[in-house]
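Residues per chain are reported as follows:
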Amino acid sequence: DFSLMGTITDAATGNPINEVVVAIENTPVVALTDAEGKYFIGVQPAGTYSLIIYKGGYQLKNVPNVTVTAGAITTYNATLDTEGPTGSVTASVKMAGVPVINAKVSVEGIPGNYNTDAAGKVVIDTVPEGNQTIRAELNNGSGLFQTMPVTVLADGNVDVQFNF
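Cut-offs applied
Residues numbered from 1 in each chain as written. Predicted model: local features only at pLDDT ≥ 70, side-chain atom pairs only at ≥ 80, totals over all residues. Heavy atoms only, no water. Helix = DSSP H or I, 4+ residues; strand = E, 2+ residues; numbered from the N terminus. Contact = heavy atoms within 4.5 Å. Pairing = 2+ DSSP bridges. Phe/Tyr/Trp six-rings, centres within 6.5 Å; stacked < 30°, edge-to-face > 60°. Lys NZ or Arg CZ within 6 Å of the ring centre and 35° of its normal. Axes fitted to C-alpha atoms, helices over the stretch in contact; angles between N-to-C directions.

**Brief notes about the environment of Pro-111**
Piece 1. Along the chain, Pro-111 falls in the loop between β11 (104-107) and β12 (114-115).
Piece 2. Apart from residues no more than four positions distant in its own chain, Pro-111 is found in contact with Val-21, Ile-52, Tyr-54 and Leu-60.

Laid out in structure tokens, this is it:
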């Protein structure tokens, strides 16, 4: 069962875009598009919501006033415009010198979390060029997090080290 569904495509080519984040603003509800650009969001209470649609390399899209009607499926299709140059961020998270597995790493202001691997690392591709803030949060219920400002260059990679 779901309340919202749709297809996300590239504005220039019309091709579907996979792995696009479709989130309901101010809620933990997030969906990713599949290989055909389709997303499905589970049953939500009737009301008016704002969506945030994002994928690295594309412009963030804020969609206010999407109305969900009880017992009905709301379809919202969107196109995304490509964004300017992007780079990547490699984040390493350690606690007392030991790699942290499954720490949440994100780029502030952009939907999506990435979890560190067994080596305590994660690579976030297609981060928009410019000044960004990277956030790392321990996934142990402690609420501990750190942020670090970085400058992302086109086609470059920034290494970020978090030490708790």
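**Some thoughts on the sheet that holds β11**
Piece 1. The strand order β12-β11-β14-β15 describes an open sheet built from 4 strands, whose pairing is antiparallel. This sheet does not close on itself; its edge strands, each paired only once, are β12 and β15 (145-152).
Piece 2. Strand direction decides the pairing type here: β11 and β12, joined by 2 bridges, are antiparallel. Looking at the pairing, Val-105 lines up with Tyr-114 of β12.

**Looking at the packing of aromatic side chains**
Piece 1. Under the defined criterion, the tally for this structure stands at 0 aromatic pairs.
Piece 2. One residue, Arg-135, lies across the ring of Phe-145, its end atom 3.9 Å from the ring centre.

**Details of the sheet that holds strand β6 (residues 61-68)**
Piece 1. Strand order in this open sheet of 4 strands is β3-β2-β5-β6, and the pairing throughout is antiparallel. The open sheet has two edge strands with one neighbour each: β3 (30-32) and β6. Taken over all neighbouring pairs, the strand axes of this sheet differ in orientation by 25 degrees on average, direction set aside.
Piece 2. Examined bridge by bridge, strand β2 (residues 21-24) and β3 share 3 bridges and lie antiparallel to one another.

As far as function goes, none of this settles anything; it's purely spatial.
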